[in-house]
Amino acid sequence: MVSINNIKRFCLTVMITFMAVGCVPHYSFNGASIDYTKTKTITIADFPIRANYVWGPMASIFNNRLKDQFADHTRLTQVRRNGDLKIEGEITRYEQRNKSVSSEGYSAQTELSMTVNVRFTNNVDHKQDFEQQFTANTSYETTQSLNSVQEELVTQMVKDIVDQIFNATVANW
């Protein structure tokens, strides 16, 4: 015969199992909060450089990283035109300036900054449209030449700016 205690244990085990399975929260770790039933496509235009100071590879590094971010972290299909979401703009500033001075009166650190102007259009909900500038800064020791650190620094700034754009357009924090 089956004892009452065994039945109670079985019932308790079944209840705990159902509660554990039913109460598991579902998180999206990519940060995107997109209603994929309404929003399916995105158009990302290439951003030209409109800054006074230019480093040639900067535009392609930025454009590729921006498109990769949306490809890797959303299920949106990238289309050439007429996307449900549209991101366009230009790189408006790329400059360096002295950040700190040594005790001898010479520049000790140089700050490099990059600014991107973004126009975002949400063709599903135009209340979310905006135009905004995003900026990132990084520093390097003046004992190093800009040529020797430029690619690494630009890559860091691009990552920062792309994260800012992603959060402003589809993360809705």
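Participant: What is the right way to read the side chain of Thr169 from this model?
Facilitator: As for its placement among the helices and strands, Thr169 is situated in helix H3 (residues 146-171). Exposure remark for Thr169: the relative accessible area of 3% places this residue in the buried category. Among all residues touching Thr169, those that are not within four sequence positions of it are Phe70, Ile87, Phe120 and Phe130.

Participant: Mind showing me how you'd approach the side chain of Thr39 here?
Facilitator: For Thr39, the location among the structural elements is in the loop between helix H1 (4-22) and strand E1 (41-44). Residue classification places Thr39 among the buried residues on the basis of a relative accessible area of 7%. Ignoring anything within four residues of it in the chain, the contact list for Thr39 reads Ile34, Leu76, Asp84, Leu85 and Val124.

Participant: Hey, could you run me through the packing of helix H2 (residues 58-73) against H3 in this one?
Facilitator: Packed helices, taken two at a time, are described by the angle between their axes plus the distance between the axes. Packing of H2 against H3 leaves a shortest axis separation of 9 Å and a crossing angle of 40°. In terms of their interaxial angle, H2 and H3 are classed as oblique. Crossing handedness for the pair H2 and H3: right-handed. Together, Met58, Ile61, Phe62, Arg65, Leu66, Gln69, Phe70 and His73 of H2 and Val154, Thr155, Val158, Lys159, Ile161, Val162, Asp163, Ile165, Phe166, Thr169 and Val170 of H3 make up the contact between the two elements.

Participant: For this particular structure, what's the right way to read the nonpolar core?
Facilitator: A general feature of soluble globular proteins is that nonpolar side chains tend to end up buried together. Residues Phe62, Leu66, Tyr94 and Met114 are the most contacted members of the largest nonpolar core, which totals 35 residues. Contributions of two or more residues to this core are made by E1, H2, strand E3 (85-101), strand E4 (107-122), strand E5 (130-141) and H3. Examining the composition of this core, we find that 11 residues originate from one element, H3, more than from any other. Here Phe62 is in contact with Phe47, Ile91, Met114, Val116, Val158, Ile161, Val162 and Ile165, once residues within four sequence places are set aside.

Participant: Explanation requested: the environment of Ala45 in the structure shown.
Facilitator: Relative to the helices and strands, Ala45 is located in the loop between E1 and H2. Spatially, the C-alpha atoms of Ala45 and Lys67 are 9.1 Å apart, while their sequence positions differ by 22 residues. Once residues lying within four places of it in the same chain are set aside, the contact partners of Ala45 are Asn63, Ile87 and Glu88.

What counts, and at which threshold
- Residues numbered from 1 in each chain as written.
- Predicted model: local features only at pLDDT ≥ 70, side-chain atom pairs only at ≥ 80, totals over all residues.
- Heavy atoms only, no water.
- Helix = DSSP H or I, 4+ residues; strand = E, 2+ residues; numbered from the N terminus.
- Buried < 20%, exposed > 50% of the residue type's maximum accessible area, 1.4 Å probe, protein only.
- Contact = heavy atoms within 4.5 Å.
- Axes fitted to C-alpha atoms, helices over the stretch in contact; angles between N-to-C directions.
- Parallel < 35°, antiparallel > 145°, perpendicular 65-115°, else oblique.
- Left-handed = near helix turned anticlockwise from the far one by under 90°.
- Core = buried A, V, L, I, M, F, W, Y, C linked by side-chain atoms within 4.5 Å.

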